[in-house]
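# Architecture at a glance
Now for the letters of each chain:
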Amino acid sequence: MDKPTVQQKLEQRKLKPVNPAAFRFMVGLATVLFRKKYNVHFTCVDDITPYHGKPYIVVSNHASRVDYVFTAPAFWPDTFNFVVGYNEFFRSHLHGVLTQMQTVPKKNFTKQPNSIRQILRIIRDGGRIIILPEGMSSISGANQPCALGSGHLLKSLKVPVLYTKIAGGYLTAPKFNLEDRPGKVEVKVGVLFTKEQLAELSADEIQAIMDEKLYHDDYEWNKTARVKYDGHGRMAENLHQLLYWCPKCGKDLVTASAGDRIWCTNCGNAAHLNEYYDLIPEGEDSVIPDTPRVWFDEQRAHIRKLAADPGFELREHVKLGMLPENRLLKNQATSEIVGEGELWVNAEGLHYEGTKNGGQWSFFLPIKQVPTSGMCTDVSRFYTFVDGEFC
């Protein structure tokens with residue numbers, strides 16, 4: 001009989017509420033290692049004591065890759081099963097702790113009934129769940145909308161929903177750079193929905209309220225908070241991967257970054273990013289948006305205009321990474337390169353033609369099946385699922 005694959009093992013597990021002693025040990029360890037380092041402060045804006053020890057859901061804005069440090073400790077001594085991206089279970093440095101902590105694997109931005117069944121089982125057995133409903137950490141420093149169906153899930157679970165709202169998390173661990181930048185993180189804790197409110201509201205209303213309540217812009221917050229973040233002299237390193245459009249000359253893929261500077265290689269438009277994440281224009285003729293988040297949104301508006309053209313298409317030669325069947329990824333890799341080819345997106349959807357495991361392979365995903373693209377670690381790669389397979 002063939003040995004089960006890693007995916008089959010994940011799908012065959014019947015999860016239960018996490019072991020309290022093991023969970024509290026992990027939270028205590030994270031607190032010792034990171035709470036002081038990141039200067040994390042918790043503030044309760046509502047009385048959450050009536051919920052202690054009972055089943056409930058926690059939702060949070062997904063500020064960074066270290067949000068477990070900013071969420072679970074806020075509800076001590078309660079214990080939680082986290083919902084985590086399916087692909088993370090294939091990484092050797094994470095697999096052991098994720099499985100031991102009864103973590104729920106979820107294929108982000110795609111339907112996966114098994115994950116919902118696991119969540120329901122944990123709640124029915126008296127457990128609690130932490131969900132980061134955006135599905136991936138913030139790209140721009142402000143929230144993405146919660147994943148489609150989040151409101152329906154909360155309504156169907158029929159247990160109270162508490163929340164954390166993280167400020168400073170993105171500035172501590174930005175999407176464009178994998179180096180941590182300690183400064184300060186403030187976390188507000190409160191009640192989002194009671195059971196009675198969930199029963200009264202529609203799924204769409206729940207989703208809209210959650211989007212509004214969890215919204216946060218770290219750059220705007222720090223205009224008032226004025227927290228310094230230690231970027232080791234490399235505050236703008238790799239920022240050009242995120243902000244690739246020049247707001248002065250209007251050209252794409254012309255920016256470069258190093259140290260604390262970002263500049264346009266075409267027209268010389270430039271700025272430097274200081275320890276407060278202020279963008280400081282270099283020269284009176286520089287055209288620099290107010291914050292990196294504003295720049296990012298102006299860039300998106302620029303792309304929307306381009307995409308309105310019926311002939312618009314983005315095309316690139318890419319390497320194709322997928323998950324191994326019977327082993328884990330080493331050295332913090334996010335996938336195993338299995339091919340290469342042409343990837344393009346247009347009004348019809350996402351297309352790939354190239355190779356996979358030595359043979360020809362192609363796929364097409366209609367645009368309605370690609371609400372967004374996930375990013376595993378930083379903005380240097382992105383993923384989607386094709387027939388349930390991580391690509």
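That block above? That's the structure.
Since the model is a prediction, treat every value here as computed from it, not as a measurement. (Residues numbered from 1 in each chain as written. Predicted model: local features only at pLDDT ≥ 70, side-chain atom pairs only at ≥ 80, totals over all residues. Heavy atoms only, no water.)

This brings us to the overall build of the protein. Broken down by element type, the protein carries 12 helices and 17 strands. What you see for the protein is a C-alpha radius of gyration of 22 Å, in line with the 21 Å of a compact globule of 391 residues. A principal-axis box enclosing the C-alpha atoms of the protein has dimensions of 60 × 55 × 40 Å. A gap of 8 Å separates the mean positions of the 46 positive and 45 negative side-chain charges of the protein. (Helix = DSSP H or I, 4+ residues; strand = E, 2+ residues; numbered from the N terminus. Rg over C-alpha atoms; globule rule 2.2 N^0.38 Å. Lys, Arg positive; Asp, Glu negative; His and termini not counted. Charge placed at Lys NZ, Arg CZ, Asp CG, Glu CD.)

The next subject is the sheet that holds strand E11 (residues 279-281). Strand order in the open sheet made by the 4 strands is E8-E9-E10-E11, with antiparallel pairing throughout. In this open sheet, the two edge strands, each paired with only one partner strand, are strand E8 (255-258) and E11. If you compare each strand with its neighbour and ignore which way they point, the axes differ by 25° on average. As paired elements, strand E9 (residues 261-264) and strand E10 (residues 270-273) share 3 bridges and run antiparallel to each other. Considered in E10, the bridge of Trp-263 is made with Ala-270. (Pairing = 2+ DSSP bridges. Axes fitted to C-alpha atoms, helices over the stretch in contact; angles between N-to-C directions.)

The pairing of strands in a sheet comes from backbone hydrogen bonds and takes either a parallel or an antiparallel form. Spatially, the 4 strands line up as an open sheet ordered E12-E13-E14-E15, and their pairing is antiparallel. One side of each edge strand has no neighbouring strand; the edge strands of this open sheet are strand E12 (314-322) and strand E15 (359-366). Shown here is a sheet whose adjacent strand axes are inclined to one another by a mean of 25°, direction ignored. Here strand E14 (residues 349-356) pairs with E15 via 8 bridges, running antiparallel. Directly across from Leu-350, in E15, lies its bridge partner Leu-365.

It is worth stressing that arrangement in space is one thing and function is another; only the former is reported here.
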